[in-house]
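Structural overview
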Amino acid sequence: MVYSRPGGPPLGVLPTTQLQDPTWVPVVQRLPGWDRILLPSRPNRSTGWIYTDDGGLRGVYSTYRVRVELAARRLTVFDAERRLGSWPVAVGAPGTPTPRGRTFLLASAAPGHQTYTPLFLALGAHSGTLDTFAGGPATIALHGWPDRSAFGHDVSYGCVRVPSAALDLLSRLPLGNPIMITD
């Protein structure tokens, strides 16, 4: 269960899986017996509280940080303070901007058929202008793109299109890993 506050009324249930992956979410605040978590729901950056004293949860710590700078159209991955890579990317077009703020790697999905990317890395954020996209809830993702001329431009429906080297590195990060999208 996810609660509005420690000991408060329940808001809902956090599924144990997301696109067949185990659900991992970042902890943004801790109190005795309770963790405040970032939720993969609308509105973006929503949080809720989960009870942790029943022993049914596992916690891990990631030293990886991912920053997407929208104005620079650049994605950078760090391990602690060491920069692992930085690439030009394509971001949302003016009518379908990439949402800013703190989010996280929610799930990894390989398309069932040949497409423009070998992998979609779904984030815990949704489009601010689209209610649905491709039959889903307009979840923002990091994904590959075959045409390198798109990188450095505002051309997507809100997703971040990344070069294959970036996608390869991002695919090895743990689910639940924080992603910061800034101006």
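Attention here is on the structure that accompanies the text.

Criteria and thresholds
- By convention here, each chain's residues receive numbers from 1 onward along its written sequence.
- Predicted model: local features are reported for residues with pLDDT of at least 70 only, side-chain atom pairs are reported and counted for 80 or more only, and whole-chain, interface and lining totals are derived from all residues.
- Calculated side-chain values reflect all of the structure's heavy atoms, with hydrogen atoms and water omitted.
- Each helix corresponds to a stretch of at least 4 residues labelled H or I by DSSP, and each strand to a stretch of at least 2 residues labelled E; elements are numbered beginning at the N terminus.
- As defined in this context, the radius of gyration uses C-alpha atoms, and a globule is described by 2.2 Å times the residue total to the power 0.38.
- Burial here depends on accessible area, computed with a 1.4 Å probe over protein chains only, as a share of the maximum for the residue type. Under 20% is buried, over 50% is exposed, and the range in between is partly exposed.
- Pairs of residues are marked as contacts when any of their non-hydrogen atoms sit within 4.5 Å.
- Cavities and pockets were defined on a 1 Å grid built over protein atoms only: a cavity is a set of grid points that admits a 1.4 Å probe from which the probe cannot escape, a pocket is an open set flanked by protein on both sides within 12 Å along at least five of seven lines, and lining residues are those with an atom within 4 Å of any such point.
- Grid points are joined across faces, edges and corners, and a volume is the space filled by probe spheres set on the points.
- Only Asp, Glu, Lys and Arg are considered charged, only Ala, Val, Leu, Ile, Met, Phe, Trp, Tyr, Cys and Pro nonpolar, and every remaining residue, Gly among them, polar.
- In this scheme Phe, Tyr and Trp rings, the latter by its six-membered ring, pair at centre separations within 6.5 Å, and the angle between planes marks the pair as stacked below 30 degrees, edge-to-face above 60, and tilted otherwise.
- Each salt bridge in this description consists of a side-chain nitrogen of Lys or Arg and a carboxyl oxygen of Asp or Glu lying within 4 Å of one another.
- At least two DSSP bridges between two strands are required for those strands to pair.
- Simply put, an axis is a line fit to the C-alpha atoms, just over the touching stretch for a helix, and the angle between two N-to-C directions goes from 0 to 180 degrees.

**Quick word on the overall build of the protein chain**
Each helix and strand in the protein chain was counted, giving 1 helix and 17 strands. Taken against the 2.2 N^0.38 rule, which gives 16 Å for 183 residues, the C-alpha radius of gyration of the protein chain at 16 Å falls within 12% of a compact globule. Along the first, second and third principal axes, the C-alpha atoms of the protein chain reach 50 × 35 × 35 Å. Looking at the 183 residues of the protein chain, the share that counts as buried comes to 42%. Partitioning the contacts of the protein chain with sequence separation of at least 6, the portion at a separation of at least 24 is 53%.

**A closer look at the environment of Asp-79**
In this structure, Asp-79 sits in strand β9 (residues 74–79). Each C-alpha atom of the pair Asp-79 and Thr-63 lies 5.4 Å from the other, and the pair is 16 residues apart in sequence. If we skip the residues at most four places from it in the chain, Asp-79 touches Thr-63, Tyr-64 and Leu-84.

**Re the layout of surface pockets**
Size it by volume and the largest pocket reaches roughly 1,200 Å³. Among the elements that make up the lining of the largest pocket, the one with the highest residue count is strand β8 (residues 64–69) (4 residues). In the lining of the largest pocket, the residues fall into 28 nonpolar, 11 polar and 7 charged. For the lining of the second largest pocket, the elements supplying multiple residues, two or more each, are β12 (101–109), β13 (120–126) and β14 (139–144). Ranked by residue count, the leading element in the lining of the second largest pocket is β14, at 4 residues. Here the lining of the second largest pocket is composed, by residue class, of 19 nonpolar, 9 polar and 1 charged.

**So, empty space enclosed by the protein**
Within this structure, the stated rule accounts for 1 cavity of 30 Å³ or more. Considering only enclosed or pocket space, the largest cavity measures out at about 40 Å³ in volume. Residue lining of the largest cavity: Asn-44, Arg-45, Pro-99, Arg-100, Gly-101, Arg-102, Thr-103, Ala-125 and Ile-181, and that is the complete set. Top contributing element to the lining of the largest cavity by residue count: β12, with 3 residues.

**Observations concerning the packing of aromatic side chains**
Tallying each qualifying case throughout the model produces 5 aromatic pairs. Ring geometry for Trp-34 against Tyr-51: centres 5.2 Å apart, planes inclined by 65°, an arrangement best described as edge-to-face. Taken as a pair, Trp-34 in strand β6 (residues 34–38) and Tyr-51 in strand β7 (residues 47–51) lie far apart in primary sequence, 17 residues in all. The exposure class of Trp-34 is buried, given its relative accessible area of 14%.

**Thoughts on the pattern of salt bridges**
With the rule as written, the count across this model stands at 5 salt bridges. For Arg-172, the salt bridge is made with Asp-168, and the minimal N-O distance between the two is 3.7 Å.

**Quick word on the sheet that holds β9**
Adjacent strands of a sheet pair through backbone hydrogen bonds, lying either parallel or antiparallel. If you walk across this open sheet you meet the 8 strands as β10-β9-β8-β17-β12-β13-β14-β16, and the pairing is mixed. Looking at which strands have only one partner, the edges of the open sheet turn out to be β10 (82–88) and β16 (160–162). This sheet shows a mean twist of 25° between the axes of neighbouring strands, independent of strand direction. With 4 bridges connecting them, β13 and β14 associate as antiparallel partners. Paired with Phe-120 across the bridge in β14 is His-143.

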